[in-house]
Amino acid sequence: MFEILSDTFSDNGLIVSFALVGITIYFSYILSDKLTRGRVHGSAIAIIIGLLLAYIGGVNTGGDQGLADVGIFTGIGLMGGGMLRDFAIVATAFGANLDEIKKAGLPGLVSLLTGVIVSFVVGVFIAFAFGYTDAVSLTTIGAGTATYIVGPVTGTAIGASSEVIALSIAAGLIKSILTMIGTPFIAKYIGLNNPRSAIVYGGLMGTTSGVAGGLAATDPKLVPYGAMTATFFTGLGCLIIPSVLFLITRTIVG
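Counting from 1, residues in each chain are numbered in the order their sequence is written. A pLDDT threshold of at least 70 governs which residues receive local features in this predicted model, and a stricter bar of 80 or more applies before side-chain atom pairs are shown or counted, although totals over entire chains, interfaces and linings include all residues. Here the side-chain values reflect all heavy atoms present in the structure, with hydrogen atoms and water set aside.

Q: How should the layout of surface pockets be read in this particular structure?
A: Which parts of space are left empty comes out when a probe the size of a water molecule is rolled across the atoms. The distinction between a cavity and a pocket rests on a 1 Å grid over the protein atoms alone: a 1.4 Å probe fits inside a cavity but cannot get out, while a pocket stays open yet meets protein on both sides within 12 Å along at least five of seven lines, and a residue with an atom within 4 Å of a point counts as lining. Grid points are joined across faces, edges and corners, and a volume is the space filled by probe spheres set on the points. As a volume, the second largest pocket reaches approximately 300 Å³. Around the second largest pocket sit 16 residues that line it, and V122, G123, I126, T145 and A171 are the ones nearest its centre. Elements with a contribution of two residues or more to the lining of the second largest pocket: α6 (98-129), α7 (135-146) and α9 (162-186). The numbering of helices and of strands both runs from the N terminus, where a helix is a DSSP run of H or I of at least 4 residues and a strand a run of E of at least 2. A total of 8 residues in the lining of the second largest pocket trace back to one element, the largest contributor, which is α6. Each residue gets one label: Ala, Val, Leu, Ile, Met, Phe, Trp, Tyr, Cys and Pro are nonpolar, Asp, Glu, Lys and Arg are charged, and the others, such as Gly, are polar. When its residues are assigned to classes, the lining of the second largest pocket shows 10 nonpolar, 5 polar and 1 charged.

This is how it looks when you write it as structure tokens:
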């Protein structure tokens, strides 16, 4: 019986993954209501549960894809992969109101530039503190701190080693996870409750998946606005970090 179920689940991996995510979200909202009286959004709890399941799956199988390494849950690798993620991010843009985007105006642009530069500088200082002194490594890890997409793009462009590129991806993933989990907790303290603030927040944080997940846990109506500027953040980072910021870093460190 178990073998039949295992084969069925493996052959219908994507359907199983949607069912698992649905069940997880259902129980997360129950926990949110019963244990926190709604103070911690159900989506935030679901994200934490997902991370725990990924950790358990990776530890038990010795793999590197979390729960997707378990045979009956292989569909999660597809569902959580880049294809559906990017499709969801692009699709959210169609829910944005152009008038609200125009209202952001200069603050939105400033948040993008500030977000990229601040993230990069923080990453460079962290890399330097851990012993990296060459411009290529510092720039690559700084780029990864911006987002885990900008890191490998920058590293490949300026000739970083595979180890440094991997570190840049790790830095970006940590930022994404922290943004995803932390956004619902800090939203009320920073006024993250309207499209304009979501646009600025997306520009400052930059990690598209982290911002989208965090805003979904805060207020789903804000997701299109934050995701849009976060996407611009990635594009801007890929443009100026391997060029302008790399040249500045090389000039400073030699």
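Moving on from the coordinates now.
Q: When you look at the packing of helix α8 (residues 150-158) against α9 in this model, what are you seeing that I'm missing?
A: In a packed pair of helices, the relevant descriptors are the angle between the two axes and the axis-to-axis distance. Here, axes are lines fitted to C-alpha atoms. For helices the fit covers the stretch in contact, and angles between N-to-C directions go from 0 to 180 degrees. Interhelical geometry of α8 versus α9 gives an angle of 160° and a closest axis separation of 8 Å. If you check the angle between α8 and α9, you find them roughly antiparallel. The interaxial crossing formed by α8 with α9 has right-handed handedness. Seen from α8, the contacting residues are G151, P152, G155 and T156; seen from α9, they are I165, S168 and I169. For the contact of α8 with α9, a count of residues per class yields 3 nonpolar, 4 polar and no charged. Roughly parallel means an angle under 35 degrees; roughly antiparallel, over 145; roughly perpendicular, 65 to 115; everything else is oblique. By convention the crossing between two helices is left-handed if the near helix lies anticlockwise of the far one by an angle smaller than a right angle, and right-handed if it lies clockwise. Residues are treated as being in contact if the distance between any of their heavy atoms lies within 4.5 Å.

Q: Explain the environment of Y148 here, please?
A: With respect to the helices and strands, the residue Y148 is situated in the loop between α7 and α8. For Y148, a relative accessible area of 17% puts it in the buried group. In this structure, the C-alpha to C-alpha distance between Y148 and S176, residues 28 residues apart in sequence, is 8.3 Å. Summary of the burial criterion: residues with accessible area below 20% of their type's maximum are buried, those above 50% are exposed, and those between are partly exposed, where the area comes from a 1.4 Å probe applied to protein chains only.

Q: Is there a simple way to think about the packing of aromatic side chains in this case?
A: One pair of aromatic rings is described through two measures. These are the centre distance and the angle between the planes. Each pair of aromatic rings taken from Phe, Tyr and Trp, with Trp reduced to its six-membered ring, is defined by centres within 6.5 Å and is described as stacked if the planes are under 30 degrees apart, edge-to-face if over 60, and tilted in the remaining cases. Per the counting criterion, the structure on display carries 1 aromatic pair. Relative to F27, the ring of Y26 lies with its centre 5.4 Å away and its plane at 80°, an arrangement referred to as edge-to-face. The class of F27 is partly exposed, set by a relative accessible area of 48%.

Q: Got a minute to help me understand helix α12 (residues 223-253) in this structure?
A: Note that an α-helix has 3.6 residues per turn; residues three or four places apart therefore point the same way. Working rule for helices: expected span equals 1.5 Å times residues minus one. When the terminal C-alpha atoms of α12 are compared, their 39 Å separation across 31 residues is substantially less than the 45 Å that a helix rising 1.5 Å per residue should span. At I241, α12 is bent by approximately 50°, the largest bend along its length, and proline P242 sits one to four residues beyond. G254 lies just past α12 and shows a positive phi near 85°. Bend is computed residue by residue as the angle between axes fitted to the seven residues ending at the residue and the seven residues starting at it.

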